[in-house]
Amino acid sequence: VYAEARAASEKRAAETGALIVPAYEDEVVFAGAGSVALEFADQARFDTLLVAVGGGGLIAGCAAAIGAATRIVAVETEGTPTLHEALKAGRPVEVKISGIAADALGASRIGTPNFEVAQKLVRQSVLVSDDVVRAAQRALWDELRVVAEPAGAAGLAALMAGAYRPAAGERVATLVCGANTDPGSVA
């Protein structure tokens, strides 16, 4: 889990003098992550961007980059609701992490600077089940031959399950990635 990885990296940095680069709770990291939203917006026209959330670096970056002009919607699995629960509580809170996307969305608490950006610029937060995420992974493979990790399929899962319902004529985009996928799991 992220907490163990962070502790190990801090120990290693103390032993070697290595630079610590937080996975998500750093303004420079989320600014870099948000560059994907700028590139996406340069290549396609959309009204809404669905973004999977773990520790919040990607969504904070995307929201900071294009959230003033684009509807940003957070998508999390029922087992990884860090932003969803923080928005309900009005502050970052600890959540128990489980399920299909825990490897990529497994932060047990949303990053504080990320939450502050999301609280201002994320318009909606939705949850999807593991079963719908699996179905979205399968659909991406069957229809597009795209191998997506569970976190990368979360946006499509939100559309498939009706967790996010676009308005008539609304152009919706989602980020898809596959770095945490065993290719044998989709064939």
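Structural data are supplied above this passage.
These figures come from a predicted structure and were not determined experimentally. (Residues numbered from 1 in each chain as written. Predicted model: local features only at pLDDT ≥ 70, side-chain atom pairs only at ≥ 80, totals over all residues. Heavy atoms only, no water.)

*Asks:* Help me get a handle on the environment of Val132, residues and values and all.
*Replies:* Tracing the chain through its elements places Val132 in helix 7 (residues 130-144). Spatially, the C-alpha atoms of Val132 and Pro113 are 30 Å apart, while their sequence positions differ by 19 residues. Dropping the residues within four chain positions of it, Val132 is found in contact with Ala157, Met160 and Ala161. (Helix = DSSP H or I, 4+ residues; strand = E, 2+ residues; numbered from the N terminus. Contact = heavy atoms within 4.5 Å.)

*Asks:* Give me the pairing of strand 1 (residues 48-52): which residues, what numbers.
*Replies:* With four of five residues buried, strand 1 is to be regarded as a mostly interior element. With five bridges joining them, strand 1 and strand 2 (residues 71-77) adopt parallel strand pairing. For Thr48, the partnering residue across the bridge sits in strand 2 and is Arg71. You can see the chain leave strand 1, run along helix 3 (residues 57-66) and come back into strand 2, and the turn it takes is right-handed. Examined bridge by bridge, strand 1 and strand 4 (residues 172-174) share three bridges and lie parallel to one another. (Buried < 20%, exposed > 50% of the residue type's maximum accessible area, 1.4 Å probe, protein only. Pairing = 2+ DSSP bridges. Right-handed = clockwise from strand over helix to strand, strands pointing away.)

*Asks:* So what about helix 2 (residues 27-43)? Which residues, and what values?
*Replies:* With 17 residues, helix 2 extends 25 Å between its outermost C-alpha atoms, agreeing within 8% with the 24 Å of an ideal straight helix rising 1.5 Å per residue. All buried positions along helix 2 are accounted for by Phe30, Gly34 and Ala37. One side-chain oxygen at the N-terminal end of helix 2 lies 2.9 Å from the backbone nitrogen of Val28; it belongs to Asp26. (Expected span 1.5 Å × (residues − 1). Polar contact = N/O pair within 3.5 Å; in protein donor to acceptor, adjacent residues only side chain to side chain.)

*Asks:* Run through the sheet that holds strand 1, naming residues and quoting values.
*Replies:* Read from one edge of the open sheet, four strands run 3-2-1-4, paired in parallel fashion. This sheet does not close on itself; its edge strands, each paired only once, are strand 3 (122-128) and strand 4. Adjacent strand axes in the sheet meet at a mean angle of 25° when their direction is disregarded. (Axes fitted to C-alpha atoms, helices over the stretch in contact; angles between N-to-C directions.)

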